[in-house]
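# Structure at a glance
Chain residues, written in single-letter form:
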Amino acid sequence: MADFRLETDRLVLRSWQAGDIERFAAVTNTPAVMRWLGGVMPPEALSATEQRVLTCHERYGHCFWLVERHDDSGPLAGEVLGFCGLKRADAPGSPIAGAMEIGWRLREDAWGQGYAKEAALASLRAAFLRFAASEVFAITVDGNADSWGLMTRLGMQRRADLDYQDPRYEPPLRDTIVYAITAEAWRAAQA
Ligand SMILES: CC(C)(COP(=O)(O)OP(=O)(O)OC[C@H]1O[C@@H](n2cnc3c(N)ncnc32)[C@H](O)[C@@H]1OP(=O)(O)O)[C@@H](O)C(=O)NCCC(=O)NCCS
């Protein structure tokens, strides 16, 4: 599968290369970033994460892309900020299994600057225009207001009818909440 690369005003979203997982983990495998994601990951979980993004890219041509700040000037120039992108929903017990799912995880010192929204807007555009998704879903838990806040800022709608329990986690991380945006709603918002 050919490499993927997408640029926004401030960011590069691209497929993963050898060594990226270490650079990614160095800045995102922290208690603050992993607070709603089951805590800091041990090395074997990190390699499983890497394997998942590589497999998703190979299979579908998209994945949770690595997000870097353009190498220009200012804080974080040229740095890995985290990931954002598109996978296929695959959580056990999920009623949206196989559907297009958008996700994000940025280093803490990149929060509050609109980087996640910038990367997510570009990912949604790719989902609808490049990968022909009919609908894009996002999942989180009720406590993760930073994440569902971004979902609402992106124009996604709460889909309580699709909420589910993820048996890999204990409550409250088990109680997954779902948001979605249809291609139709996305197109209408571009007008
Ligand atoms: C979820 C997450 C990606 C959200 O990141 P974020 O930086 O809060 O989201 P945004 O990019 O939309 O930034 C919004 C903030 O940037 C501010 N901002 C500053 N400059 C901005 C700009 N140029 N454009 C837009 N917003 C800007 C906004 O005012 C807003 O600030 P506020 O929260 O004080 O109102 C981040 O909290 C994260 O990585 N969390 C840990 C991992 C995680 O839980 N992932 C989700 C799992 S479900």
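Anything mentioned here points back to the structure above.
Residues numbered from 1 in each chain as written. Predicted model: local features only at pLDDT ≥ 70, side-chain atom pairs only at ≥ 80, totals over all residues. Heavy atoms only, no water.

### Examining the overall build of the chain
Check the secondary structure of the chain and you find five helices and nine strands. Reading the chain from its N end, one meets helices and strands in the order β-β-α-α-β-β-β-α-β-α-β-β-β-α. Against the 2.2 N^0.38 benchmark of 16 Å for 191 residues, the chain shows a C-alpha radius of gyration of 16 Å, consistent with a compact globule. Taking the principal axes of the C-alpha coordinates as reference, the chain spans close to 45 × 40 × 35 Å. Among the 191 residues that make up the chain, the fraction classed as buried is 48%. (Helix = DSSP H or I, 4+ residues; strand = E, 2+ residues; numbered from the N terminus. Rg over C-alpha atoms; globule rule 2.2 N^0.38 Å. Buried < 20%, exposed > 50% of the residue type's maximum accessible area, 1.4 Å probe, protein only.)

### Quick look at helix α2 (residues 43–60)
Helix length check: α2, at 18 residues, gives a terminal C-alpha distance of 26 Å against a target of 26 Å (1.5 Å per residue), a fit within 8%. If you follow the buried residues of α2, they end up packed against α1 (20–28), β3 (64–69) and β4 (80–88). (Expected span 1.5 Å × (residues − 1). Contact = heavy atoms within 4.5 Å.)

### Some points on helix α3 (residues 115–130)
The first and last C-alpha atoms of α3 sit 21 Å apart over 16 residues, in line with the 22 Å expected at 1.5 Å per residue. Residues of α3 that are buried include every one of Y115, E118, A119, A120, A122, S123, L124, A126, A127 and F128, and no others. Residue A132 follows α3 closely and has a positive phi angle near 55°.

### Overview of the pairing of strand β9 (residues 175–182)
Working note: regular strand, side chains alternate between the two faces of the sheet. Here β9 lies mainly inside the structure; six of its eight residues are buried. With seven bridges connecting them, strand β6 (residues 135–141) and β9 associate as antiparallel partners. For E135, the partnering residue across the bridge sits in β9 and is T182. As paired strands, strand β7 (residues 157–158) and β9 are joined by two bridges and run antiparallel to one another. Of the residues in β9, the one forming a bridge with R158 is Y179. (Pairing = 2+ DSSP bridges.)

### Looking at the packing of α3 against helix α5 (residues 183–190)
Running from N to C, α3 and α5 point in directions that differ by 115°, and their axes come no closer than 11 Å. Read as a crossing pair, α3 and α5 show a hand that is left-handed. Contacts between α3 and α5 involve L124, R125, F128 and L129 from the first element and A183, W186, R187 and Q190 from the second. (Axes fitted to C-alpha atoms, helices over the stretch in contact; angles between N-to-C directions. Left-handed = near helix turned anticlockwise from the far one by under 90°.)

Nothing here speaks to function; it is all geometry.
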